[in-house]
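One-letter residues, chain by chain:
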Amino acid sequence: MPFILIKNNLKLMLRSKWILVLMTILPVITIVLLSNAFKDMMDTAYKIEPFEVGYHLSAGSAYIDMIPQLKTICKDNNVIFQEYKNEDATALLKRETVAVFVEITDDSYVIYQSDDKKTEAAVTESILATFFYQANDAMVGMAYQAQNGLVELPSTSSVKVNHEVLATDPVPSSTDYYGIIYIIYFAWCGMISLSAVITSERKSAISKRMRISHMSKFSYYIGKLIPCAIATFLESCIAWIISVVLLDIHWGKIWACIGIMILISLAASAFGMVLFQLFKNAAVSIVAGFIIIWIAGLWGGSFQTYIYANIPQRIVNISPLYYINRTVVEFSTKGYSDYAGRCILYLVSIIVICGIAGILMMDREMGESA
Amino acid sequence: MGEIVLELEGLTKKYENKAVVDHISLKIEEGEIFGLLGPNGAGKSTTMNMVCSLVKPTAGKVELFGYDAKTDMKKVKSKIGYIPQELAIHGNLKAWENVELFTSLYGIKGDELKKAVTEALEFVGLEDKRNGFVKNFSGGMKRRLNIACAIGHKPKLLIFDEPTVGIDPQSRNFILEKIKAANKEGATVIYTSHYMEEIEAICTRIAIMDNGKIVAIGTKEELVEMVTSDKNSNMTLEEVFLTLTGKKLRDYAEGGM
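Residues numbered from 1 in each chain as written. Chains lettered and ligands numbered in written order. Predicted model: local features only at pLDDT ≥ 70, side-chain atom pairs only at ≥ 80, totals over all residues. Heavy atoms only, no water.

Novice: An account of the overall build of chain B is requested, with residue identities and associated values reported.
Specialist: Counting its regular elements, chain B contains 10 helices and 10 strands. For a compact globule of 257 residues, the expected C-alpha radius of gyration is about 18 Å, and chain B comes in at 19 Å, within 12% of that figure. A principal-axis box enclosing the C-alpha atoms of chain B has dimensions of 55 × 40 × 40 Å. Counting every position in chain B, which comprises 257 residues, the buried fraction comes to 51%. The contacts of chain B with a sequence gap of at least 6 include a subset with a gap of at least 24, amounting to 67%. When the accessible surface of chain B is totalled, it reaches about 11900 Å², and 48% of it is carbon and sulfur. Of the side chains in chain B, 35 bear a positive and 37 a negative charge, and the two mean positions are spaced by 5 Å. (Helix = DSSP H or I, 4+ residues; strand = E, 2+ residues; numbered from the N terminus. Rg over C-alpha atoms; globule rule 2.2 N^0.38 Å. Buried < 20%, exposed > 50% of the residue type's maximum accessible area, 1.4 Å probe, protein only. Contact = heavy atoms within 4.5 Å. Areas by Shrake-Rupley, 256 points an atom, 1.4 Å probe, with all protein chains shown as cover. Lys, Arg positive; Asp, Glu negative; His and termini not counted. Charge placed at Lys NZ, Arg CZ, Asp CG, Glu CD.)

Encoded structure:
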């Protein structure tokens, strides 16, 4: 392992002031700008505040004894279930006194909704459907037992249904979402650190000196990859800490996130090495790299949230950033993510594929030597 | 006769069928300061690049310390110190960091590396500037550091490719003195330049190159004898050079105007 080469290349990368600013300050500015710009969009798209459902129960309804249970279940789902005996449903909806209105008869119910409260109506319908399905089932069972003399017909108040809370993915705040996404996005831009070394080498005859030395092509490759990954990780961590302290961004599963950031830093560096050797020009390589990362970010939820993407899911699935973004955001909101495996698989694949390509291309770069 | 350090046999390099180095053959012995003199475009740097395996020869053979450079270059790399015409140092590193970096490429580590760095910097007179950033150095200091980076691993053969281009007379004089000092300490030196007075001042043997060919080779006295039969002649190397290579401007000659 060429430790001295790694150490000195790392110094070159960390001494480049404009790269430091780009990697540590720009992410924080971007997070502030985007989290504020998309705050309203995130809230209207994903957040459902507690809402009120009005109901009217027909006289003599069999469900009258079950209403307290239904109210409790509604309360668990952030829904206020309020009786309106003599009010007109349409008027209540128009006045926005209630978000949804339910007319419960003896053996059925009707949901009234307005066009702008479809989500609330869907939530109400889901709660009521589950509740009445279980309630009816229980009543039929008791009636059957009573008919067969097994038990006396009990009152409807003894019917019990499961208290279920609707399973929904918790939604991050816009600050948390963009606070996480842009630390990841800028970590991918970490390949720019390579330019500090490669530009310095190409500006002078350093590559000649490298080629005449004992150093192998693999050491030459590792001597750039490892410091770039370390620089990217350190700079991303600085941006990460600044954003958490200043903007109160909530990350979940911190050690898992650190592991993912290390893999991102390695993948971004390996990817950068391929580009720098492919184009042989620092400016062209950086522009090409940023374009590719921008497209991957566009598909993967960096510019609009992955939850609410307008891009077809098949295209979204192509972007590695989608899996990484989703995993780390879900660590924050749920504490776990079903996407973590695919996220790690994608990152390791990028490191391996770009690593092999980078070393093979290093052969091409040094092909002139005898 | 000392050990043959470098032997070239019919060494040729062609670019698009144009020979920039054309069937060069020569031998350099241990302890020599061998000057390779020629006008711009004569093929001096290409020859040195082929010696260092930085450029593939089209034909011919390079032997270093008895090893074929084509097959056994790895065995002799640590014996060569190459000072390229261009500066090969990182501006954003300190002087000692540059020397440490390039010396470590030859597998030198730990205390031995620290000692080598200090000695190399002392040799070129930059020990007191070891913590200075190279980007703040003058041209002469950068040239001296360029040399320090090539001598840290104590090579037996030092190849200088026009090391004094664009520097002040004091720095030039310092570098020439140090080349002589390195030779006295046992290093064989190959020195390419188009500055006659430098070659004349330090070289024990000289080859004059023109249009990719060696047109004359020998000591200064032998070269003088080649162009005049007057044994009492006090011709300078420049006069010998112009006699052998002609007075035509190179760009006119090559451009065909």
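Structure shown, so let's carry the discussion forward.
Novice: How would you sum up the nonpolar core? Please name residues and give values.
Specialist: In terms of nonpolar packing, the biggest core is built from 160 residues, with Trp-188 of chain A together with Leu-64 and Leu-145 of chain B touching the most fellow members. Take this core: its biggest share by element is 13 residues, from helix 11 (residues 254-279) of chain A. Among all residues touching Leu-145 of chain B, those that are not within four sequence positions of it are Ile-89, Ala-95, Asn-98, Val-99, Leu-121, Leu-126, Val-134 and Phe-137 of chain B. Counting 25 residues, the second largest nonpolar core, distinct from the first, contains Tyr-55, Met-66, Cys-74 and Ala-121 of chain A. (Core = buried A, V, L, I, M, F, W, Y, C linked by side-chain atoms within 4.5 Å.)

Novice: Outline the interface of chain A and chain B, listing residues and values.
Specialist: Listed by partner, the interface residues are 25 residues for chain A and 37 residues for chain B. Taken together, the two surfaces of chain A and chain B that pack against each other cover about 2800 Å², and 58% of this comes from carbon and sulfur. Among the residues chain A hides against chain B, the three largest losses belong to Arg-209, Ile-212 and His-214 of chain A. Together they make up 28% of the total. Between the two partners, chain A and chain B, sit 4 salt bridges. (Buried area = accessible area lost by both parts, 1.4 Å probe. Salt bridge = Lys/Arg side-chain N within 4 Å of Asp/Glu carboxyl O.)

Novice: Which residues make up a nonpolar patch on the surface, and what are the values?
Specialist: Residue and element names in this part refer to chain A. Taken together, the side chains of Val-21, Ile-25, Leu-26, Ile-29 and Leu-33 present a nonpolar region at the surface, about 420 Å² in accessible area. With respect to the helices and strands, the residue Val-21 is situated in helix 2 (residues 17-37). Classification of Val-21 as partly exposed rests on a relative accessible area of 47%. (Patch = residues over 30% accessible without salt bridge, like charges linked within 9 Å, V, L, I, M, F, W, Y side chains within 5 Å.)

Novice: Just give me the short version of helix 5 (residues 139-151) of chain B, but keep the residues and values in it.
Specialist: Taking 1.5 Å as the rise per residue, helix 5 of chain B with 13 residues should run 18 Å; its terminal C-alpha atoms sit 19 Å apart, in good agreement. Residues of helix 5 of chain B that are buried make contact with helix 9 (206-212) of chain A together with strand 6 (80-83), helix 3 (95-104), helix 4 (110-123), strand 7 (157-161) and helix 6 (169-184) of chain B. (Expected span 1.5 Å × (residues − 1).)

Novice: For helix 1 (residues 3-14) of chain A, give the residues involved together with the corresponding values.
Specialist: With 12 residues, helix 1 of chain A should reach 16 Å at 1.5 Å per residue; the first-to-last C-alpha distance of 16 Å fits that figure. Those residues of helix 1 of chain A not exposed but buried are Leu-5, Ile-6, Asn-8, Asn-9, Leu-10, Leu-12 and Met-13 of chain A. Packing partners of the buried residues in helix 1 of chain A comprise helix 8 (194-203), helix 9 and helix 10 (217-247) of chain A together with helix 3 of chain B.

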